[in-house]
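Given next are the chains, with one letter for each unit.
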Amino acid sequence: MLYLVPTPIGNLEDLTLRALRILREVDLIACEDTRTSAKLLRHYGITTPTMSYHAHNEARKAAELVARMEAGARVALITDAGTPGISDPGFYLVRECLRRRIPVVALPGPTAFVPALAASGLPTDRFVFEGFLPTKKGRQKRLTELASEPRTIVLYESPHRLLRTLDDLARALGDERPAVVARELTKAFEEFARGTLRTLHAYYAAQPRVRGELVLVVAGTGYRPDPDWPRDRAVVVSSYTSETTS
Ligand code: SAM
């Protein structure tokens, strides 16, 4: 049996009771980074043995894990944060388990794109999750495809690539396209910046440095925001300072 166990994306309280029980009960926890996960496991007093399973050793480790599960072991897969398989290792192991008829149970739980989308203020009834845009090959093609996407677009991005991605999106989708940057979700400095692709670019370009983790939510083509959606400047709502604008 393989359990996919979501872990907190910042706030350690966001671990479900079921996740806690499974992590205590299984024979082995496969972790993306054993040192990162050690902090979480220590916090909850979980003493289950761990093993590393990440993008660079997935074929070898998946074979080892499958052999252990075929011998009767129950394994939980966790990643550094969020739901295993969502823009992080997991897919390969799930596929190997299913090939060998090993049951896979996915627990619901934290994942960064859901709170970002839910609180964005952009339509949530239909959306596409794009994960990380390609950084080189295929980037322009993907941007061109997204320009005609009518559904809300959800992207992951690293802080040091945010400005480039906002600029590329503004060129491909238009400066005026409504968008939201959700930063440091569930953490002390959680922040939602709402505006357009161009005003968000201006806001973050004026910061000394963009830090933390972030999700980008962009309105689909043809979406008409409310008249009070911020168009002239980004409006930044921080759970820490309540509200600042730029
Ligand atoms: N498996 C994770 C999930 O379920 O969301 C995603 C892993 S992916 C390697 C890491 C990316 O998720 C980050 O670059 C960022 O885009 C997003 N992310 C993770 N934690 C976040 C947080 N607390 N706030 C905003 N974005 C976050």
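Thresholds, definitions, all that
Residues numbered from 1 in each chain as written. Predicted model: local features only at pLDDT ≥ 70, side-chain atom pairs only at ≥ 80, totals over all residues. Heavy atoms only, no water. Helix = DSSP H or I, 4+ residues; strand = E, 2+ residues; numbered from the N terminus. Rg over C-alpha atoms; globule rule 2.2 N^0.38 Å. Buried < 20%, exposed > 50% of the residue type's maximum accessible area, 1.4 Å probe, protein only. Areas by Shrake-Rupley, 256 points an atom, 1.4 Å probe, with all protein chains shown as cover. Domains from an automatic or database assignment. Contact = heavy atoms within 4.5 Å. Buried area = accessible area lost by both parts, 1.4 Å probe. Polar contact = N/O pair within 3.5 Å; in protein donor to acceptor, adjacent residues only side chain to side chain. Nonpolar A, V, L, I, M, F, W, Y, C, P; charged D, E, K, R; others polar. Near = heavy atom within 4 Å. 1 Å grid on protein atoms, 1.4 Å probe; cavity = no way out; pocket = protein on both sides within 12 Å on 5 of 7 lines; lining within 4 Å. Sits in = over half its atoms within 2 Å of the grid points. Pairing = 2+ DSSP bridges. Axes fitted to C-alpha atoms, helices over the stretch in contact; angles between N-to-C directions. Arc of directions from axis to C-beta. UniProt positions renumbered as here; feature names shortened; annotations may be inferred.

### What to know about the overall build of the chain
In step 1: Within the chain, the secondary structure is distributed over eight helices and 12 strands.
In step 2: In terms of C-alpha radius of gyration, the chain reaches 20 Å, essentially the compact-globule figure of 18 Å for 246 residues.
In step 3: In terms of overall dimensions, the chain has a C-alpha envelope of 60 × 40 × 30 Å along the principal axes.
In step 4: Split into buried and exposed, the 246 residues of the chain put 48% on the buried side.
In step 5: In the form shown here, the chain has an accessible surface area of approximately 12,500 Å², with 52% of it arising from carbon and sulfur atoms.

### Some points on the domain arrangement of the chain
In step 1: As assigned here, the chain comprises domain 1 (2-106) and domain 2 (113-238).
In step 2: Listed per partner, the contact involves six residues of domain 1 and nine residues of domain 2.
In step 3: Summed over both sides, the interface between domain 1 and domain 2 buries roughly 510 Å², with carbon and sulfur atoms accounting for 64% of that surface.
In step 4: Three residues, Ile9, Ile86 and Ser87, lead the burial of domain 1 against domain 2; their summed loss comes to 74% of the area buried on that side.
In step 5: Across the domain 1-domain 2 interface, the total number found is two residue pairs in polar contact (both at pLDDT 80 or more).
In step 6: The class makeup of the residues in the side of domain 1 that touches domain 2 is two nonpolar, three polar and one charged.

### Observations concerning unusual backbone geometry
In step 1: Notably, arginine 101 is not glycine yet its phi reads approximately 60 degrees, a positive angle.
In step 2: Looking at the element boundaries, arginine 101 is found in the loop between helix 4 (91-99) and strand 5 (104-106).

### Some words on the site of the ligand
In step 1: Around the ligand there are 19 residues in total, and Ile86, Asp88, Thr111, Tyr156 and Leu214 lie nearest to it.
In step 2: Glutamate 157 places a main-chain nitrogen or oxygen 3.5 Å from an oxygen atom of the ligand.
In step 3: Coverage of the ligand by the protein amounts to 90% of the 580 Å² it exposes when considered alone.
In step 4: Of the pockets mapped on this structure, the ligand occupies the largest pocket.
In step 5: Partitioned by chemical class, the residues of the shell around the ligand number 10 nonpolar, four polar and five charged.
In step 6: Both domain 1 (2-106) and domain 2 (113-238) contribute no fewer than three residues apiece to the shell around the ligand.

### Concerning the sheet that holds strand 2 (residues 28-31)
In step 1: The five strands lie next to each other as 3-2-4-1-5, forming an open sheet whose pairing is parallel. This sheet does not close on itself; its edge strands, each paired only once, are strand 3 (50-52) and strand 5. For this sheet, the mean angle separating the axes of adjacent strands, direction not counted, is 25 degrees.
In step 2: Pairing of strand 2 with strand 4 (residues 75-78), which is carried by four bridges, proceeds in the parallel orientation. Paired with isoleucine 29 across the strands is alanine 76, a residue of strand 4.
In step 3: Contacts between helix 2 (residues 34-43) and the sheet are confined to strand 2, strand 3 and strand 4, with strand 3 contributing the most and set at about 155 degrees to the helix.
In step 4: Across the face of the sheet, helix 4 comes into contact with strand 1 (2-4), strand 4 and strand 5 while running at roughly 150 degrees to strand 1.

### A word on helix 4
An α-helical segment advances 3.6 residues per turn. Residues three or four places apart therefore align on the same side.
In step 1: Of all the residues in helix 4, the buried ones are Leu93, Val94, Glu96 and Cys97. Considered in projection along helix 4, the buried side chains sweep an arc of 165 degrees and stay on one side of the axis. In helix 4, those exposed residues whose orientation departs by more than 90 degrees from the buried face are Phe91 and Arg99.
In step 2: Close packing links the buried residues of helix 4 with strand 1, helix 3 (58-70), strand 4 and strand 5.
In step 3: Phi turns positive one or two residues past the end of helix 4, at arginine 101, with a value near 60 degrees.

### Some thoughts on the UniProt feature "domain: Tetrapyrrole methylase" (unreviewed entry) in the chain
In step 1: Mapped onto this numbering, the UniProt entry gives "domain: Tetrapyrrole methylase" (unreviewed entry) at residues 1-200.
In step 2: Secondary structure within residues 1-200 divides into 36% helix and 20% strand; the distance between the first and last C-alpha atoms comes to 45 Å.

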